[in-house]
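# Structure at a glance
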Amino acid sequence: MYNLLKGKRGIIFGALDSNSIAWKVAERAHEEGATFVLTNAPIAMRMGAINKLAEQTNSTVIPADATSMEDLQNLVDKSVEILGGKIDFVLHSIGMSMNVRKGKHYTDSNYDFTHKGFDISALSFHRVMNVLYNSNAMNDWGSIVALSYMAAQRVFPDYNDMADNKAYLESVARSFGYFFGQQNKVRVNTISQSPTPTTAGNGVKGFDGFIAYAEKMSPLGNATALECADYTISLFSDLTKKVTLQNLFHDGGFSNMGVSNPIMENFMSNFENERKEE
Ligand code: NAI
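Throughout, a residue's number is its position along its own chain's written sequence, starting from 1. Given that this is a predicted model, residues contribute local features only at a pLDDT of at least 70 and side-chain atom pairs are listed and counted only at 80 or more, while totals for whole chains, interfaces and linings are drawn from all residues. Side-chain numbers come from the whole structure's heavy atoms, not from hydrogens or water.

## A few points about helix H3 (residues 49–56)
When we look at burial in H3, the residues that qualify are Ile50, Leu53 and Ala54. Within H3, the buried residues cover an arc of 105 degrees as seen down the axis, which keeps them to one side. Opposite the buried face of H3, at more than 90 degrees from it, the exposed residues are Lys52 and Glu55. Should any heavy atoms of two residues lie within 4.5 Å, those residues are counted as being in contact. Numbering of helices and strands starts at the N terminus; helices are DSSP runs of H or I of at least 4 residues and strands are runs of E of at least 2. On the buried face of H3, the contacting elements are helix H1 (21–31), strand S2 (35–39), helix H2 (42–45) and strand S3 (60–61). Backbone geometry just after H3 places Asn58 at a positive phi near 50 degrees. Burial classes: relative accessible area under 20% of the type maximum marks a residue as buried, over 50% as exposed, and values in between as partly exposed (1.4 Å probe, protein chains only). Arc, as used here, means the arc of the directions from the helix axis to the C-beta atoms.

Here you go:
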């Protein structure tokens, strides 16, 4: 451990269970000397796991639905009070698509579901920054990170409307990041993470194939949740003060690949078999 976050105060959204990326970030932030508030939707609290994490990391839990301005204002006000000063880092680790959940195909979206998923997964990032910005709750040289996925740039058919939500999320990091940089020298970035076996990840249709394909395609293999947490900690630390308005790929190299030898070998063996059968 390097004491990278010694004396820093934060808010961490989205730790649902020990598989959650936010859970690993909380554990790593604690190890690096930070104090923080944990938050999740009131409905997620019922599972109770977050209280275990709070105990383990000496942190307080404040429920907040990320689509409610009232909840977010309460969260930010109370966090500043409990932590004893302004905030240095914020993790937005929130995602949910009703269309995915209810098995609606992208070409036949239910638009009430689309609105709901957009509000939770994408607009919530704007809302969080709005409250932090207008409450003047961030310390100078603070850092805000949200988690994204490469479907924002490229087609992954089963990622459904989450692709559109992530495109908006990444755009908001740039647009709001400009104003936050001007006002407080606060940096705003998104991390575009490898497929990761979590509750949200496993909800995507054909996730097992998805993750195995990415593993074979990436020269370094998929990035784990813990590795994502390590990268996030580096972005919260003072070692990355001039990195802002970026979408940063944390994917073992996947995003710059065309094809890899293991994928091609696999394809060719199926191809040969098909030819023999003809
Ligand atoms: P997760 O299921 O553990 O976390 C998603 C969180 O969103 C949960 O804690 C859930 O309670 C919270 N949430 C849902 N509705 C909410 C609301 N209204 N208000 C506040 N919180 C709410 O899954 P994971 O994978 O850790 O997801 C974290 C982030 O990482 C998401 O943005 C996801 O899209 C992103 N991501 C995940 C990847 C994966 O393959 N698992 C890959 C790339 C990005």
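The rest of the description comes next.
## Focus on the site of the ligand
Neighbouring residues are identified by heavy atoms, a residue being near a molecule or strand if any of them is within 4 Å of it. Taken together, 27 residues sit near the ligand, with Ser20, Asn40, Lys166, Thr196 and Thr198 positioned nearest. One of the side-chain N or O atoms of Lys166 is found 2.8 Å from an oxygen atom in the ligand. Where accessible areas are quoted, they stem from the Shrake-Rupley method and a 1.4 Å probe; at the residue level, only the protein chains shown are allowed to cover. Protein coverage of the free-state accessible area of the ligand, which is 820 Å², stands at 93%. Using only the protein atoms, space was sampled on a 1 Å grid; points where a 1.4 Å probe fits but cannot get out form cavities, open sets with protein on both sides within 12 Å along at least five of seven lines form pockets, and lining residues are those with an atom within 4 Å of a point. If over half the atoms of a molecule are within 2 Å of the grid points of a cavity or pocket, the molecule is regarded as sitting in it. Cavity membership is defined here by more than half of the atoms lying within 2 Å of grid points; on that basis the ligand lies in the largest pocket. In protein, a polar contact means a hydrogen-donor-capable atom and an acceptor-capable atom, both N or O and within 3.5 Å, with residues adjacent in sequence counting only if both atoms are side-chain atoms; elsewhere, any N or O pair within 3.5 Å suffices.

## Overview of helix H7 (residues 162–184)
In this scheme, a helix's expected span is set at 1.5 Å multiplied by one less than its residue total. The end-to-end C-alpha separation of H7 is 31 Å, in line with the 33 Å expected for 23 residues at 1.5 Å each. If you follow the buried residues of H7, they end up packed against strand S4 (87–92), helix H6 (111–134), strand S5 (138–148), strand S6 (187–193) and strand S7 (247–250). The first or second residue beyond H7 is Lys185, which carries a positive phi of 60 degrees.

## Re the layout of surface pockets
Computed from the structure, the largest pocket encloses a volume of approximately 1300 Å³. As for the largest pocket, its lining consists of 46 residues, and the residues nearest its centre are Ser93, Ile94, Gly95, Met96 and Ala200. Elements represented by at least two residues in the lining of the largest pocket include exactly H1, H2, helix H5 (98–101), H6, S5, H7, helix H8 (199–202) and helix H9 (207–217). Any residue outside Ala, Val, Leu, Ile, Met, Phe, Trp, Tyr, Cys, Pro, Asp, Glu, Lys and Arg is labelled polar, Gly included; the first ten of those are nonpolar and the last four are charged. For the lining of the largest pocket, the residue count by class is 24 nonpolar, 17 polar and five charged. Grid points are joined across faces, edges and corners, and a volume is the space filled by probe spheres set on the points. Put simply, the second largest pocket is a space of about 190 Å³. The wall of the second largest pocket is formed by Asn99, Val100, Gly103, Lys104, His105, Tyr106, Pro157, Asp158, Asn160, Gly203, Val204 and Lys205. Here the residues of the lining of the second largest pocket sort into four nonpolar, five polar and three charged.

## Concerning empty space enclosed by the protein
Inspection of the entire model under this criterion finds two cavities of 30 Å³ or more. Approximately 60 Å³ is the volume found for the largest cavity. Tallied by class, the residues present in the lining of the largest cavity amount to seven nonpolar, three polar and one charged. What lines the second largest cavity is Ile11, Phe13, Leu72, Leu75, Val76, Val90, Val128, Val131 and Leu132. Within the residue set of the lining of the second largest cavity, elements represented by two or more residues are strand S1 (9–13), helix H4 (69–83) and H6.

## So, the packing of aromatic side chains
Two aromatic rings, drawn from Phe, Tyr or Trp (for Trp, its six-membered ring), form a pair once their centres lie within 6.5 Å of each other, and the interplanar angle then sorts them: stacked below 30 degrees, edge-to-face above 60, tilted otherwise. Counted under the stated rule, the structure contains 14 aromatic pairs. Judged by centre distance (6.3 Å) and plane angle (35 degrees), the ring pair of Phe156 and Phe254 falls under tilted. One end of the pair, Phe156, is in the loop between S5 and H7; the other, Phe254, is in the loop between S7 and helix H11 (261–277), with 98 residues separating them in the sequence. Residue Phe254 is classed as buried on the basis of its relative accessible area of 11%. On the basis of an interplanar angle of 80 degrees and a centroid distance of 6.3 Å, the ring pair of Tyr213 and Phe254 is categorised as edge-to-face. Of the two residues, Tyr213 is situated in helix H9 and Phe254 in the loop between S7 and H11; the sequence distance between them amounts to 41 residues. Overall, Tyr213 belongs to the partly exposed group, its relative accessible area being 38%. Following the ring pairs from residue to residue traces out a cluster consisting of Tyr149, Phe156, Tyr159, Phe207, Phe210, Tyr213 and Phe254.

## Observations concerning the packing of H1 against helix H10 (residues 225–236)
Interaxial distance between H1 and H10 falls to 8 Å at its minimum, and their mutual angle equals 55 degrees. When the axes of H1 and H10 are compared, the pair comes out oblique. Crossing of H1 against H10: the hand is right-handed. Facing Ile21, Lys24, Val25, Arg28 and Ala29 of H1, the residues of H10 in contact are Ala225, Leu226, Cys228, Ala229, Asp230, Thr232, Ile233 and Phe236. Among the residues making up the contact of H1 with H10, the classes are represented as nine nonpolar, one polar and three charged. Fitted lines through C-alpha atoms give the axes, limited to the stretch in contact for helices. The angle between two N-to-C directions lies from 0 to 180 degrees. Throughout this description, any angle smaller than 35 degrees is read as roughly parallel, any larger than 145 degrees as roughly antiparallel, any in the 65 to 115 degree range as roughly perpendicular, and the remainder as oblique. Crossings are classed by handedness, with left-handed meaning an anticlockwise turn of the near helix from the far one by less than a right angle and right-handed meaning a clockwise turn.

## Describing the pairing of S2
Burial of S2 is extensive: four of the five residues sit out of reach of the surface. One ladder, built from five bridges, connects S1 with S2; its direction is parallel. Residue pairing in the sheet places Ile11 in a bridge with Val37 of S2. Viewed along the sheet, the connection from S1 through H1 into S2 turns out right-handed. Strands were regarded as paired on the criterion that DSSP finds at least two bridges between them. Where S2 lies against S3, two bridges are found, and the strand directions are parallel. In the strand pairing of S3, Leu38 is matched with Val61. Handedness rule for crossovers: strands pointing away from the viewer, path from the first strand over the helix to the second running clockwise, crossover right-handed.

In short, the description is geometric, and any link to function would need to be established separately.
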